[in-house]
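Breakdown of the fold
If you want the building blocks of each chain, they are given just below.
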Amino acid sequence: MRPRLWLLLAVQLTVLHGSSVLQQTPAYIKVQTNKMVMLSCEAKISLSNMRIYWLRQRQAPSSDSHHEFLALWDSAKGTIHGEEVEQEKIAVFRDASRFILNLTSVKPEDSGIYFCMIVGSPELTFGKGTQLSVVDFLPTTAQPTKKSTPKKRVCRLPRPETQKGPLCSPITLGLLVAGVLVLLVSLGVAIHLCCRRRRARLRFMKQLRLHPLEKCSRMDC
């Protein structure tokens, strides 16, 4: 591009904060060395024959900032690279209204703010920029610690100890035998009394039957 255009571009970058016509995503991204990065610039206006330029600013915006032209997308020619740019690392392609800057095998020196731009007549329109940070190691995110739930205590009754040796002593065995004998004697006595009561009842019934017959014979019935 002409030096006059680049001078105008530098002036515009120092005073312009970005337009809503070109929306860049993401606003900030951090990647690891040798990874691939895709930066998006979505145009909110019709860009049938316009060109989309991608620029890189390696330090914070100031009057002494250096803006590097990386590549542009042309509807007829596709990707056109800037001077002193590793062409195998940078590509620009279109996806509907989005224009993607694809960076491969990034290095820490690729860190900076990336702007997309369209050249109008006579104004220049910029996106708000995407800040890229390339690091050798990504910070690890600490996983949330899980709260340990206290275990419920289960009360268990003590098991009765099993006795070893003979189950019954001689004294206990003798008491059991004596108890059985007492029960047998009591049962025999109860049976004997029951039999005596039954016999007495039968005798009483016979006497009742004979008593009316004697009265009738005396009275000559």
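Each chain has its residues counted from 1, following the order in which its sequence is written. Selection of residues for local features in this predicted model requires a pLDDT of at least 70, selection of side-chain atom pairs for listing and counting requires 80 or more, and totals for whole chains, interfaces and linings are taken over all residues. In computing side-chain properties, one takes all heavy atoms of the structure into account and sets aside hydrogens as well as water.

1. Concerning the pairing of strand β2 (residues 28-32)
Accessibility here uses a 1.4 Å probe with only protein chains present; expressed as a share of the type maximum, an area under 20% marks a residue as buried, one over 50% as exposed, and anything in between as partly exposed. Strands are runs of DSSP state E lasting at least two residues, helices are runs of H or I lasting at least four, and both sets are numbered from the N terminus onward. Burial of β2 is one-sided: the residues Ile29 and Val31 facing one way are buried, the residues Tyr28, Lys30 and Gln32 facing the other way are not. Strands are treated as partners if at least two bridges between them are detected by DSSP. Two strands pair when backbone bridges link them, and β2 and strand β11 (residues 130-135) are joined in this way by 5 bridges, in the parallel orientation. Bridging from a neighbouring strand, isoleucine 29 pairs with leucine 132 of β11.

2. A short note on the pairing of strand β6 (residues 78-81)
In this structure, strand β5 (residues 67-74) lies alongside β6, joined through 4 bridges in antiparallel fashion. Pairing of leucine 72 across the sheet is with isoleucine 80, part of β6. If you look at the hairpin formed by β5 and β6, you'll find 3 residues sitting between the two strands.

3. Brief notes about a nonpolar patch on the surface
A contiguous nonpolar surface patch, about 570 Å² in accessible area, is contributed by Leu173, Leu176, Val177, Val180, Leu181 and Leu184. You can see leucine 181 is positioned in helix α2 (residues 170-218). Without a salt bridge and with relative accessible area above 30%, a residue can belong to a patch; like charges are then joined within 9 Å and nonpolar side chains (Val, Leu, Ile, Met, Phe, Trp, Tyr) within 5 Å. Note on areas: Shrake-Rupley, 1.4 Å probe, and residue coverage restricted to the protein chains presented here. Here, a salt bridge means any Lys or Arg side-chain nitrogen found within 4 Å of an Asp or Glu carboxyl oxygen.

4. What about the side chain of histidine 67?
For histidine 67, the position within the fold is in strand β5. With relative accessibility at 11%, the residue histidine 67 sits in the buried group. Think of a polar contact as two N or O atoms within 3.5 Å of one another; within protein, one of them needs to be a possible hydrogen donor and the other a possible acceptor, and neighboring residues in sequence only count if both atoms come from side chains. Engagement of the side chain of histidine 67 in a polar contact is seen with the side chain of glutamine 57, the distance being 3.1 Å.

5. Remarks on the state of the cysteines
Criterion for a disulfide: a pair of cysteine sulfur atoms at a distance within 2.5 Å. In the structure shown here, the tally under the stated rule is 1 disulfide. Here cysteine 41 connects covalently by a disulfide to cysteine 116, the sulfurs 2.1 Å from one another. Here the S-S torsion is close to 65 degrees, and the disulfide linking cysteine 41 with cysteine 116 is therefore right-handed. Remark: cysteine 116 occurs in strand β9 (residues 112-119) and cysteine 41 occurs in strand β3 (residues 37-43); sequence separation between them is 75 residues. Judged on exposure class, the residue cysteine 41 and its partner cysteine 116 are both buried. Cysteine 194 takes part in no disulfide bond, and the closest cysteine sulfur, belonging to cysteine 195, lies 5.8 Å away. Among the residues examined, cysteine 194 registers a relative accessible area of 51% and is labelled exposed.

6. Quick notes on a positive patch on the surface
Positive: Lys, Arg. Negative: Asp, Glu. His and the chain ends are not part of the count. One atom stands in for each charge, and that atom is NZ of Lys, CZ of Arg, CG of Asp or CD of Glu. A cluster of basic residues, Arg196, Arg199, Arg203, Lys206 and Arg209, forms a positive patch at the surface. With respect to the helices, strands and loops of the structure, arginine 199 is situated in helix α2. The class of arginine 199 is exposed, set by a relative accessible area of 56%.

7. Comments concerning the pattern of salt bridges
What the rule picks out here adds up to 7 salt bridges. Its salt-bridge partner being lysine 44, residue glutamate 42 comes within 3.4 Å of it at the nearest N-O pair. Given the relative accessible area of 25%, glutamate 42 is considered partly exposed. Among the salt bridges present, the one from lysine 89 reaches aspartate 110, with a minimum N-O distance of 2.9 Å. A residue pair is termed long-range when its members are at least 10 positions apart, and lysine 89 in the loop between β6 and β7 (90-95) and aspartate 110 in the loop between β8 (98-103) and β9 qualify at 21 residues. Owing to a relative accessible area of 9%, aspartate 110 belongs among the buried residues under this scheme. Residues joined in a network through salt bridges with shared partners are Arg56, Arg58, Glu68, Lys89 and Asp110.

8. Brief notes about the confidence of the model for the chain
pLDDT is defined as a per-residue confidence score from the predictor, taking values between 0 and 100. Per-residue pLDDT for the chain averages 79, and the proportion of residues at 70 or more is 70%. It only takes one pair of heavy atoms within 4.5 Å for two residues to be counted as in contact. Within the model, the stretch residues 13-17 combines pLDDT values under 50 with 9 contacts to residues more than four positions away or in other chains.

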